[in-house]
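Structure assessment
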Amino acid sequence: MTSFRRRASAMAVPLLALAACSSPRGSAPSYPVPSQQVPPPIAVGPVGPSDSVAGPQQVWHLRSALNVAALACRERQLTDHYNRLLKHHQDLFAQAYAAEQARYRHQYGNSWQTVQDREMTRLYNLFANQPSRGRFCQAAGSITARALDTPAADMPLLAARSLPALEGAGAR
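Residues numbered from 1 in each chain as written. Predicted model: local features only at pLDDT ≥ 70, side-chain atom pairs only at ≥ 80, totals over all residues. Heavy atoms only, no water.

Overall, the coordinates contain 1 disulfide when judged by the stated rule. With a sulfur-sulfur separation of 1.9 Å, cysteine 73 is cross-linked through a disulfide to cysteine 137. Linking cysteine 73 and cysteine 137, the disulfide has an S-S dihedral of approximately -90 degrees and is accordingly described as left-handed. Here cysteine 73 is found in the loop between helix H2 (55–72) and helix H3 (76–88), whereas its partner cysteine 137 is found in helix H6 (residues 133–148), with 64 residues between them in sequence. With relative accessibility at 4%, the residue cysteine 137 sits in the buried group. (Disulfide = S-S within 2.5 Å. Helix = DSSP H or I, 4+ residues; strand = E, 2+ residues; numbered from the N terminus. Buried < 20%, exposed > 50% of the residue type's maximum accessible area, 1.4 Å probe, protein only.)

Note that an α-helix has 3.6 residues per turn; residues three or four places apart therefore point the same way. Look at H6: 22 Å from first C-alpha to last across 16 residues, which is about the 22 Å you get at 1.5 Å a residue. Those residues of H6 not exposed but buried are Phe136, Cys137, Ala139, Ala140, Gly141, Ile143, Thr144, Ala147 and Leu148. Where H6 is buried, its residues meet H2, H3, helix H5 (112–128) and helix H7 (155–167). (Expected span 1.5 Å × (residues − 1). Contact = heavy atoms within 4.5 Å.)

With that settled, consider H7. For H7, which comprises 13 residues, the first-to-last C-alpha distance of 17 Å matches the rise-based estimate of 18 Å (1.5 Å per residue) to within 8%. Most pronounced at arginine 161, the bend in H7 amounts to some 30 degrees, and the proline proline 164 follows within four residues. Within the sequence span of H7, burial applies to Met155, Leu158, Ala159, Ala160, Ser162, Leu163 and Leu166. Buried residues along H7 sit against H2, helix H4 (90–108), H5 and H6. (Bend = angle between axes of the 7 residues up to and from the residue.)

Next up on the list: the packing of H6 against H7. The interhelical angle for the contact between H6 and H7, taken along N-to-C directions, is 170 degrees, at an axis separation of 10 Å. The orientation of H6 relative to H7 falls into the category roughly antiparallel. In contact with Phe136, Ala139, Ala140, Ile143, Arg146 and Ala147 of H6, H7 contributes Met155, Leu158, Ser162, Ala165 and Leu166. For the contact of H6 with H7, a count of residues per class yields 9 nonpolar, 1 polar and 1 charged. (Axes fitted to C-alpha atoms, helices over the stretch in contact; angles between N-to-C directions. Parallel < 35°, antiparallel > 145°, perpendicular 65-115°, else oblique. Nonpolar A, V, L, I, M, F, W, Y, C, P; charged D, E, K, R; others polar.)

What follows deals with the nonpolar core. Grouped together as the largest cluster of nonpolar side chains are 34 residues, with contacts concentrated most on Leu62, Leu66, Phe127, Phe136, Met155 and Leu166. Looking at this core, the elements that each hand over two or more residues are H2, H3, H4, H5, H6 and H7. Considering every element that reaches this core, the biggest residue donor is H2, with 8 residues. For methionine 155, the residues in contact, after removing those within four places along its chain, are Val59, Leu62, His89, Leu92, Phe93, Ala147 and Thr150. (Core = buried A, V, L, I, M, F, W, Y, C linked by side-chain atoms within 4.5 Å.)

Tracing the sequence through the fold places serine 64 in helix H2. Assessed through its relative accessible area of 0%, serine 64 is described here as buried. Setting aside its immediate chain neighbours within four residues, serine 64 contacts Leu123, Tyr124 and Phe127.

Next up on the list: the confidence of the model for the protein chain. The predicted coordinates should not be examined in detail at positions where pLDDT is low. Overall, the predicted model of the protein chain reaches an average pLDDT of 77, with 66% of residues at or above 70. Considering each helix and strand of the protein chain separately, the mean pLDDT is smallest for helix H1 (residues 2–21), with a value of 48, and largest for H3, with 96. Taken as a whole, residues 11–52 scores under 50 in pLDDT and shows 28 contacts with residues more than four places along the chain or in a different chain. (pLDDT = per-residue confidence, 0-100.)

Take a look at the structure:
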């Protein structure tokens, strides 16, 4: 029992020291912090219809934007609609992703997965770093509700019309 207490004490000391360094959740640090600014979005290459993205790629980009919205906006109705949308258009999204993978394989050969991962990270960051999250969330909520009523055959058109609103939601 003594060795257990010794080990527990040895583990507790670093944890207490670490806890002393943290500030309570939601409170500002007690030291000066330079004003935090969100960096401008990274150019991702083709993202919207005006940048020559077409068909399955637009559908996949729309799904990516709505995924970011469902996670970042923290609006229950948006999240519920997004989850329903994933089930409703499961086959369409699977086809869009397969087309994206095939495009990357064809274009980048053996390094396709690395390139796709990097570009998808940039795409998600584009949507996650909107200057006005409120406008982005409002646009995403409206688009997600519309997408639930959109037949799979019409989703590329909905994506083409919706991506510019999501890409530039904070630019207005």
